[in-house]
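Fold and geometry: a report
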Amino acid sequence: MELFTSRLMEMLPGLRADRAALMKEHGDVQIATVAIEQVLGGMRAVPALLCDTSSVSADEGLRIRNIPILELTDATPEDIFFLLCTGSKPNANEHDEIKHAFAKKAAVPEYIWDVLKAMPKDSHPMVMLSVGVMALERESKYRRVYEEGGSKDALWQATAEDSITLLSGISTIAAGIYRIRFGKGDPIAPKAGLDWSANFAHMLGVSDNESFRDLIRLYLVLHSDHEGGNVSAMTSHVVSSALSDVFYSVSAGLNGLAGPLHGLANQECLRFILDLKHEFNGVPTDEQLREYTWKRLSSGQVIPGYGHAVLRVTDPRFTAFHQFAEKHNLEDDTIQIMQKLFRIVPEVLKEQGKAKNPWPNVDAASGSLLHHYGLQEFEFYTVMFGVSRAMGICSQILFHRLFNSPIVRPKSMTLAEVKKLAGM
Ligand code: CMX
């Protein structure tokens, strides 16, 4: 942790100086105005959040620390976490250190399994993940440092340490949930010598295939962060701004990720693909797919995996998964349906003319790839997303601790006040 912490320490004076200067000398510079449609419309496009770890543009999609995600598809997730937090890719020594730091914390205390095994057998895996992360809060160094009246420096350092405890633990917890919830047997212990994603693949116990390991690595990289305004990141940020530790904050964000318009969409995507396969007894023709999609739209349902609140192009993370399927020559009905949908759905959505973005997002492809390797319990897919997204959330929280951000407290208005402003 020494190299990682010293990188953060180097960043600290610059960040604090920037904050002080911006607040003192430029605090009254106007960035934007807020329209009623934004107040009523989910605060869409209101630029009121600071996020340095990643950015998402409408025409390009995700950049992590200003590097396009498609240039990072060979990285390890630990290196991505290092990059998210420090703004630089790790050198060889830093790579070894962060990998070792994750590996050291891979085993979770026995009480985690007691808690998860005591839950009803039909609990949703996302509930189990949120509960598992909350239970791990007992290990928080941050809370202990805070209770002992620790300095601000001690607090951000404890946040860094807690983040690695949480991230390493969350993959073990997630893999254990997969096994407990779906009757696969006892949780598999982490294996010495494996890195984070290889260990996650190992603990799932789904496949020994080398390309499955690579898919898990890619999955963790691609879902790691998506700037600060999405439901899970923003929720976690708000909770952590009350000086709650990362376990409270990430668990809160996971509860938002569990929503069907956010992280649960990947489960819905595979359900949609499997329904199609069932309905047409295999891969439908283009015409059947077009008709089926129209029927769904006419009944008021969305097409899962298509559209985005920010993106207006094909999500590069979808492209990365699509390329993975091609590179590894993955062929089965679900993958073929996923590929066909990519050809048909944008046409249909454009013709319908409602969705601002007719192109696929990351969720359109991920499920069919996991399904191909035998990870077919789609209620688990959002858990996989959560394991990865915890990286972005922790790095964003760490940024705000370094930056000395205050508690979040926007102003709300009554409906009567809004109507009065509208002249109603
Ligand atoms: N299928 C059908 N209709 C869609 C659609 C889709 N995939 N995407 C958008 N629309 C509709 C919206 O429901 C909305 O209709 P109403 O005016 O009747 O309410 C209209 O098009 C305009 O919506 P929008 O401005 O284009 O999209 P939003 O920013 O409101 O919503 C999202 C974005 C992702 C919730 C939406 O596209 C959707 O529901 N997609 C399907 C679910 C999904 O794939 N979610 C994963 C998101 C990925 C992530 O969170 O990272």
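Keep in mind the model is a prediction, meaning the values are calculated, not measured. (Residues numbered from 1 in each chain as written. Predicted model: local features only at pLDDT ≥ 70, side-chain atom pairs only at ≥ 80, totals over all residues. Heavy atoms only, no water.)

**Some words on the site of the ligand**
Near the ligand lie 19 residues; those nearest to it are R44, I303, G305, Y306 and K356. In the environment of the ligand, a nitrogen atom lies 2.7 Å from a nitrogen or oxygen atom belonging to the backbone of Y306. A total of 890 Å² of accessible area belongs to the ligand in isolation, and the protein chains cover 75% of it. Residues belonging to the shell around the ligand are distributed by class as follows: ten nonpolar, five polar and four charged. (Near = heavy atom within 4 Å. Polar contact = N/O pair within 3.5 Å; in protein donor to acceptor, adjacent residues only side chain to side chain. Areas by Shrake-Rupley, 256 points an atom, 1.4 Å probe, with all protein chains shown as cover. Nonpolar A, V, L, I, M, F, W, Y, C, P; charged D, E, K, R; others polar.)

**Some remarks on the packing of aromatic side chains**
Any pair of aromatic rings gets described here by the distance separating the centres and the angle formed by the planes. In total, this model carries twelve aromatic pairs according to the counting rule given. With a centroid separation of 5.1 Å and 20° between ring planes, the pair formed by F399 and F403 is classed as stacked. Taken together, the positions of F399 and F403, both in helix 18 (residues 381-403) and four residues apart, correspond to about one turn of that helix. F403 carries the same exposure label as F399, and that label is buried. Clustering of aromatic rings is evident, with ring pairs tying together F4, F81, F82, F102 and W196. (Phe/Tyr/Trp six-rings, centres within 6.5 Å; stacked < 30°, edge-to-face > 60°. Helix = DSSP H or I, 4+ residues; strand = E, 2+ residues; numbered from the N terminus. Buried < 20%, exposed > 50% of the residue type's maximum accessible area, 1.4 Å probe, protein only.)

**Observations concerning helix 11 (residues 231-241)**
Taken residue by residue, helix 11 has S232, A233, S236, H237, S240 and S241 as its buried positions. Looking straight down helix 11, one finds its buried side chains confined to an arc of 160°; they lie on one side. Looking one or two residues beyond helix 11, the residue adopting positive phi is L243, at roughly 65°. (Arc of directions from axis to C-beta.)

**Details of the domain arrangement of the protein chain**
Here the protein chain is partitioned into domain 1 (2-258 + 390-403) and domain 2 (265-372). Each of domain 1 and domain 2 has a C-alpha centre, and these two points are 28 Å apart. The interface of domain 1 with domain 2 comprises 21 residues on the first partner and 21 residues on the second. Surface buried jointly by domain 1 and domain 2 totals about 1,700 Å² across both partners, of which 72% is contributed by carbon and sulfur atoms. Applying the counting rule to domain 1 against domain 2 returns zero salt bridges. Counting every contact that joins domain 1 to domain 2 gives four residue pairs in polar contact (both at pLDDT 80 or more). Taken together, the elements giving at least two residues each to the side of domain 1 that touches domain 2 come down to strand 1 (54-57), strand 2 (61-64) and helix 10 (210-222). In terms of residues, the side of domain 1 that touches domain 2 owes the most to one element, helix 10, which gives seven residues. Residues belonging to the side of domain 1 that touches domain 2 are distributed by class as follows: ten nonpolar, seven polar and four charged. (Domains from an automatic or database assignment. Contact = heavy atoms within 4.5 Å. Buried area = accessible area lost by both parts, 1.4 Å probe. Salt bridge = Lys/Arg side-chain N within 4 Å of Asp/Glu carboxyl O.)

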